[in-house]
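Single-letter residue listing:
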Amino acid sequence: TYIVTDNCIACKYTDCVEVCPVDCFYEGENMLVIHPDECIDCGVCEPECPADAIRPDTEPYMEKWVEFNRKYSESW
Ligand code: SF4
């Protein structure tokens, strides 16, 4: 699963949303989030993000953002 991190805050680009094959981006309060159960881990969005905000959840110290992405994507 890929997750969106705080570099996304105030970013105005939506290139990631446009390339995602399963439409699993959702709007959080001030940034986008990825629904962890809908993401198919394709990785297409990561290089599209101009803010470098999209990271794989396998990186260290991502627990906070994993929860954040789940919380805000499931509220839809
Ligand atoms: Fe969508 Fe693929 Fe990015 Fe997951 S990794 S959010 S499926 S583009």
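This text follows the structure it describes.
Before going into details, it helps to say that this report is about the structure given with it. (Residues numbered from 1 in each chain as written. Predicted model: local features only at pLDDT ≥ 70, side-chain atom pairs only at ≥ 80, totals over all residues. Heavy atoms only, no water.)

1. Let's talk about the overall build of the protein
Helix and strand counts for the protein stand at two helices and four strands. Taking 2.2 N^0.38 as the reference for a compact globule, 76 residues should give roughly 11 Å; the C-alpha atoms of the protein span a radius of gyration of 11 Å, in line with that estimate. Here the C-alpha coordinates of the protein stretch approximately 25 × 25 × 25 Å along the principal axes. Across the 76 residues in the protein, those meeting the buried criterion constitute 38%. In the protein, 66% of the contacts between residues at least 6 apart in sequence involve partners at least 24 apart. Summed over its atoms, the accessible surface of the protein is roughly 4,800 Å², and 49% of this surface lies on carbon and sulfur atoms. Of the charged side chains in the protein, 5 are positive and 17 negative; the average position of the first set lies 7 Å away from that of the second. (Helix = DSSP H or I, 4+ residues; strand = E, 2+ residues; numbered from the N terminus. Rg over C-alpha atoms; globule rule 2.2 N^0.38 Å. Buried < 20%, exposed > 50% of the residue type's maximum accessible area, 1.4 Å probe, protein only. Contact = heavy atoms within 4.5 Å. Areas by Shrake-Rupley, 256 points an atom, 1.4 Å probe, with all protein chains shown as cover. Lys, Arg positive; Asp, Glu negative; His and termini not counted. Charge placed at Lys NZ, Arg CZ, Asp CG, Glu CD.)

2. Overview of the pattern of salt bridges
Where charged atoms from two side chains of opposite charge approach closely, those side chains can pair. Tallying each qualifying case throughout the model produces five salt bridges. Between aspartate 52 and arginine 55 there is a salt bridge whose closest N-O contact spans 2.8 Å. The class of aspartate 52 is partly exposed, set by a relative accessible area of 44%. Note that glutamate 59 is salt-bridged to arginine 55, the shortest N-O span being 2.9 Å. You can call glutamate 59 partly exposed: its relative accessible area is 26%. (Salt bridge = Lys/Arg side-chain N within 4 Å of Asp/Glu carboxyl O.)

3. What about the site of the ligand?
As a matter of local geometry, the ligand sits amid Tyr2, Cys20, Pro21, Val22, Cys24, Phe25, Ile34, Cys39, Ile40, Cys42, Gly43 and Cys45. Class assignment for the residues of the shell around the ligand results in 11 nonpolar, one polar and no charged. (Near = heavy atom within 4 Å. Nonpolar A, V, L, I, M, F, W, Y, C, P; charged D, E, K, R; others polar.)

Geometry only, nothing functional implied.
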